[in-house]
Amino acid sequence: MDFGRLRFFLGEVGTNLTRNTTMQLTAIGTVAVTITLLGSCIFMRESVERLSARMLSRIEISAYLNDTATDADAAIVRQEMTHIRHIVSVRYIPKTEGFREMSQRMAGAIDTSLLTSNPLPNAFRIRVDRPEMAGYVARHVALIHAVAKVSYGQILVERLLRIADVLERIGLTIVTLLTLVAAVIVSNTIRLTVFARRREIAIMQLVGATNTSIRAPFIGEGLIDGVLGAGIALGMLAVAHLQLLPRLAAALPFLPLLHLGVDEHRLALELLAIGAAMGTFASWFAVGRYLRT
Amino acid sequence: MIHLQDVSLTYPNGVRALESVSLTIEKGSFVFLVGHSGTGKSSLLRMLYREEVSTSGEVWVDAVCLNRLKRRDVPRFRRTVGVVFQDFKLLPNKSVWENVAFALQVTGVPTREIVRAVPRALDLVGLSHKSRMFPHELSGGEQQRTAIARALVRNPKLLICDEPTGNLDPTTTNEIMELLMRINRKGTTIVVAIHNQAVVDRLKRRVIRLENGRIVADDERGSYFGDETPALPSRS
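Residues numbered from 1 in each chain as written. Chains lettered and ligands numbered in written order. Predicted model: local features only at pLDDT ≥ 70, side-chain atom pairs only at ≥ 80, totals over all residues.

## Quick word on the sheet that holds strand 4 (residues 147–151) of chain A
Residues and elements named next belong to chain A. Inclusion rule: Two strands make a pair as long as DSSP finds a minimum of two bridges between them. Helix and strand labels come from DSSP, where a helix needs a run of H or I of at least four residues and a strand needs a run of E of at least two; each type is numbered from the N terminus. Orientation is described by axes fitted as lines to C-alpha atoms, over the contacting stretch for helices, and by angles from 0 to 180 degrees between their N-to-C directions.
With respect to topology, four strands assemble into an open sheet ordered 2-3-1-4, the strand pairing being antiparallel. The sheet is open, and its two borders are formed by strand 2 (87–93) and strand 4, each paired with just one other strand. Within this sheet the neighbouring strands show an average axis-to-axis angle of 20°, counted without direction. Relative to strand 3 (residues 123–128), strand 1 (residues 60–65) runs antiparallel, the two being bridged by five bridges.

Below, the structure is given as structure tokens:
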């Protein structure tokens, strides 16, 4: 492509963008709103995922030993557990410590002065690498001699896993629907631009322009609309992230919302790419129907 | 140059535009296509630049069979044909120069060729001095001359004109027809669909008359109504 052709192409794109300012703003605004919603949705989904993963990762398996178990038995149990996969850490809780922990946990809920004798046996607290492996580890630990009972809050783990799964599905559905809606709206907006320039398209076809060269300026236009829209959306998301998230975190102190480790830079690049792709494909389809010769 | 063999054209809505039309137009000739509105003149012209494809029969233009022309080869074919319309079809936001250059730019012609070809075409139609003006600043005749320059800028062998003077006053009409004759003298084949009886009768060129999609008269040096007496007062 020589310089003159490039200049002509850029001139055509510029003409498209400046001639119909209202329509362009509509397209850019639609992309911006959609990408903002999309971005919030992805961010929330990732946050919830990480939050539930973090809560699940805190789940511990308690292995209670027989009342008769000696310290030697406890050492054997610890040794046996090294053969079980997915165990990350093991902590021995003698019955006195267990009783102290329980008293602290129950303080305020019940009258702890009523707890006169210690009903707890010696125990191990076991952490696993993946929450869904808790059941597997619990079953194997229960087989070890001198282990009387294993508990890991099965119901809690299963519920959390189910909630995470449902949230994931809802998030995916919303994101998919939003993307579809955005694509349709952008496509229609660019179709209006194309419609406004159908004369030019007709003349281009008449003088023998190829479909590719007719499409090119509109693709460029769609691409710029998409990128600009996504850029505005990123600005709004950045403001929300910096201004709203700390307040939300302050309002919900029990949720560690601020340091979940969602990769904002990767998300920004993804949203920019989605905006660009949306604009490009939408304009591709929009011009398509005028190119049937 | 042009050969139609038993050509029929039926639109998807069932309207039969042309029926069994056979016709040969020699290279370098000047042909008028006359007939009432809706008799198939425009349909016939549209087939010549491959806007329509005949339902049956074959259309040949400059040794290309348009019925067998692949869709992707249509742009290349169109570059060998110039087309002019009654409503000029100029781009209002582009100057005269840009309108003419547009035909070359959109087909990827290098800039150095464009700056040579556009002044030549504008000179031919006598609009060199108005190249910076926009269509709304021009008279109807000047707009049509711009359209003709755009059609000619590629030196086509065939120039197709669909009612080129339909929107113009008699004086301007004559100017445009003079211009077309001059272009024809340089060797370009010209086919003109027209309603203007005075022009057709004065220029005494080949006249093909269509009625209800069929050729009913074809005179080498004909007149608008041929041998028929007009049933109604003539149009101007």
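## Here we look at the packing of helix 3 (residues 96–105) of chain B against helix 5 (residues 140–152) of chain B
All names here are of chain B. Heads up, the rule is: For classification purposes, an angle smaller than 35 degrees is called roughly parallel, one larger than 145 roughly antiparallel, one from 65 to 115 roughly perpendicular, and anything else oblique. In this scheme the handedness of a crossing depends on how the near helix is turned from the far one: anticlockwise by less than a right angle means left-handed, clockwise means right-handed. Each residue gets a C-beta atom placed from its backbone, and two residues are in contact if those atoms lie within 7 Å. When residues are grouped by polarity, Ala, Val, Leu, Ile, Met, Phe, Trp, Tyr, Cys and Pro land in nonpolar, Asp, Glu, Lys and Arg in charged, and all others, Gly among them, in polar.
Running from N to C, helix 3 and helix 5 cross one another at 30°; their axes reach a closest spacing of 8 Å. With respect to each other, helix 3 and helix 5 are oriented roughly parallel. Every pair of crossing elements has a handedness; the one defined by helix 3 and helix 5 is right-handed. Only T146, A149 and R150 of helix 5 make contact with helix 3, whose side of the interface consists of V96, N99, V100 and A103. Considering only residue class, the contact of helix 3 with helix 5 consists of four nonpolar, two polar and one charged.

## What to know about the pairing of strand 3 of chain A
Bridging between strand 2 of chain A and strand 3 of chain A involves six bridges; their strand directions are antiparallel. By the bridge assignment for strand 3 of chain A, A:R91 is matched with A:R125.

## Remarks on the sheet that holds strand 8 (residues 189–193) of chain B
Residue and element names in this part refer to chain B. Ordered in space as 6-7-8-3-9-10, the six strands form an open sheet in which the pairing is mixed. Lying at the two open borders of the sheet, with one neighbouring strand each, are strand 6 (81–85) and strand 10 (214–219). Looking at each pair of strands side by side, their axes are set apart by 15° on average, direction ignored. The strands touched by helix 5 are strand 6 and strand 7 (158–162); relative to strand 6, the strand with the most contacts, the crossing angle is about 165°.

## Details of helix 9 (residues 264–288) of chain A
Since the α-helix turns once every 3.6 residues, residues separated by three or four places project in the same direction. So the rule is basically this: Expected helix span is taken as 1.5 Å per residue step, with the number of steps being one fewer than the number of residues. The exposure scheme places C-beta atoms from the backbone and then counts, for each residue, the other C-beta atoms within 10 Å of its own, assigning buried at 20 or more, exposed at 12 or fewer, and partly exposed in between.
Look at helix 9 of chain A: 36 Å from first C-alpha to last across 25 residues, which is about the 36 Å you get at 1.5 Å a residue. When we look at burial in helix 9 of chain A, the residues that qualify are A:L271, A:I274, A:G275, A:A276, A:M278, A:G279, A:T280, A:A282, A:S283, A:A286 and A:V287.

## Things to note about the interface of chain B and chain A
In this complex, chain B contributes 16 residues to the contact, which on the side of chain A involves 15 residues. At the level of elements, helix 2 (74–78) and helix 3 of chain B are the ones that each hand at least two residues to the side of chain B that touches chain A. By residue class, the composition of the side of chain B that touches chain A is seven nonpolar, four polar and five charged.

## Details of unusual backbone geometry
Glycine aside, the phi torsion of most residues is negative, and most peptide linkages are trans. Residue and element names in this part refer to chain B. Of note, S20 is a non-glycine position whose phi angle comes to about 45°, a positive value. Mapped onto the secondary structure, S20 falls in strand 2 (residues 16–25). Here the phi dihedral of D62 falls at roughly 50°; this positive angle occurs in a residue that is not glycine. Structurally, D62 can be placed in the loop between strand 4 (56–61) and strand 5 (64–65).

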